[in-house]
Amino acid sequence: VAMAGEAGTEGKWKTSRLAELLGQKGGKGGAAGSEQVQGWSWASFVPRLPPSVHLPAVSLQLPSMPSSLAEAKQMAVDGVALLSNDKALADNAGIIVAVVCTLLALLITAVYLCRSSQAKKKVKPSLQELLESEPELSVFHGYWHALGNAGPWDRPNLAAPPMTDGRPIVLFAPTNDAFKSPAGQRAIMSVDAQGWRKLLISHCAFSSLPSEDLVLRDTCESCTGAMLPLDCLRDTFSDGSAKLLQPMVARNGLLYKVPVVIQPLK
């Protein structure tokens, strides 16, 4: 394609080694074939292409890129049809080279679009989105939402990115059964409005510890400054073995579905 620029701004193909390789010179047709190559130009070629095959009229830039996989597919189909069904066009070396360039550009674009689509699918949800999507945490989600932002303790934003120091949010969300249990009901009835706000926000902490280290700790400091016991994250059996609670991983932290309403240590 770069050789087309050597014949002037009209982009005419000149008799060249490329033309020989494509059978347009020194082969069948002889001088007539050379004249056909020399007389070809982008200006006469582009109007004969299907509308979906985008090629520059004079410049030597790459074909314009499609904006979606559907458009790329349609351009490829039209390009293949151009080569396979229109013999008059397929016999022209310039057209063959141009269409092949288009198809190569489409292949590269399709790979890029596929990888971009896969990358978007791999984006993890936020803690807020995880909490909203879990039916067995609907009671805690309702209580958390009802707290609002006004109060003596700031309610962490579960949709926000990790803190500036890199510490992600760790949310210990009691299940619906935990609130319905006798211990859960006692926890709800034993506090006033201010104590209730502190109790709920105390189920949230900021920690840079990995989950395998966090579940082995006895306590951690919550967002209210109160210390939370973490024995609810593991079940210890009589033989000394333990079943560790696994968190749900969000892009801004960890979510544990705990079986109890955690009472901060006094």
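As a reminder, the structure under discussion sits directly above these lines.
In this report, the structure presented in the accompanying data block is examined.

Attention now goes to the pairing of strand β1 (residues 169-174). The side chains of a regular strand alternate between both faces of the sheet. Buried residues dominate β1, accounting for 6 of its 6 residues. Strand direction decides the pairing type here: β1 and strand β2 (residues 204-206), joined by 3 bridges, are antiparallel. Looking at the pairing, I169 lines up with F206 of β2. When β1 meets strand β8 (residues 253-258), the two strands line up parallel, connected through 6 bridges. Note on β8: the bridge partner recorded for L171 is L255.

Taken as a whole and assessed by the stated rule, the structure comprises 4 salt bridges. In this structure, R251 and E129 form a salt bridge, with 3.5 Å as the shortest nitrogen-oxygen distance. With R251 in the loop between β7 (248-250) and β8 and E129 in helix α7 (residues 127-133), this pair connects stretches of sequence that are 122 residues apart. For E129, a relative accessible area of 39% translates into the label partly exposed. Put simply, K257 and E136 hold a salt bridge, and the shortest N to O gap is 2.7 Å. In this pair, K257 sits in strand β8 while E136 sits in the loop between α7 and α8 (138-147), placing the two residues 121 residues apart along the sequence. Residue K257 is classed as partly exposed on the basis of its relative accessible area of 25%. In this structure E136 comes out as partly exposed when scored by relative accessible area, which is 38%. Overlapping salt bridges bring together E134, E136 and K257 as one network.

One can describe the packing of α8 onto helix α11 (residues 193-201) by two numbers: an axis separation of 11 Å at closest approach and a directional angle of 120 degrees. If you check the angle between α8 and α11, you find them oblique. In this structure, α8 meets α11 at a crossing whose hand is left-handed. Counted together, F140, Y143, W144 and L147 of α8 and W196, R197, L200 and I201 of α11 form the full contact between these two elements. For the contact of α8 with α11, the residue count by class is 7 nonpolar, no polar and 1 charged.

Parameters at a glance
Residues numbered from 1 in each chain as written. Predicted model: local features only at pLDDT ≥ 70, side-chain atom pairs only at ≥ 80, totals over all residues. Heavy atoms only, no water. Buried < 20%, exposed > 50% of the residue type's maximum accessible area, 1.4 Å probe, protein only. Helix = DSSP H or I, 4+ residues; strand = E, 2+ residues; numbered from the N terminus. Pairing = 2+ DSSP bridges. Salt bridge = Lys/Arg side-chain N within 4 Å of Asp/Glu carboxyl O. Axes fitted to C-alpha atoms, helices over the stretch in contact; angles between N-to-C directions. Parallel < 35°, antiparallel > 145°, perpendicular 65-115°, else oblique. Left-handed = near helix turned anticlockwise from the far one by under 90°. Contact = heavy atoms within 4.5 Å. Nonpolar A, V, L, I, M, F, W, Y, C, P; charged D, E, K, R; others polar.

So yeah, pure geometry; function would need other evidence.
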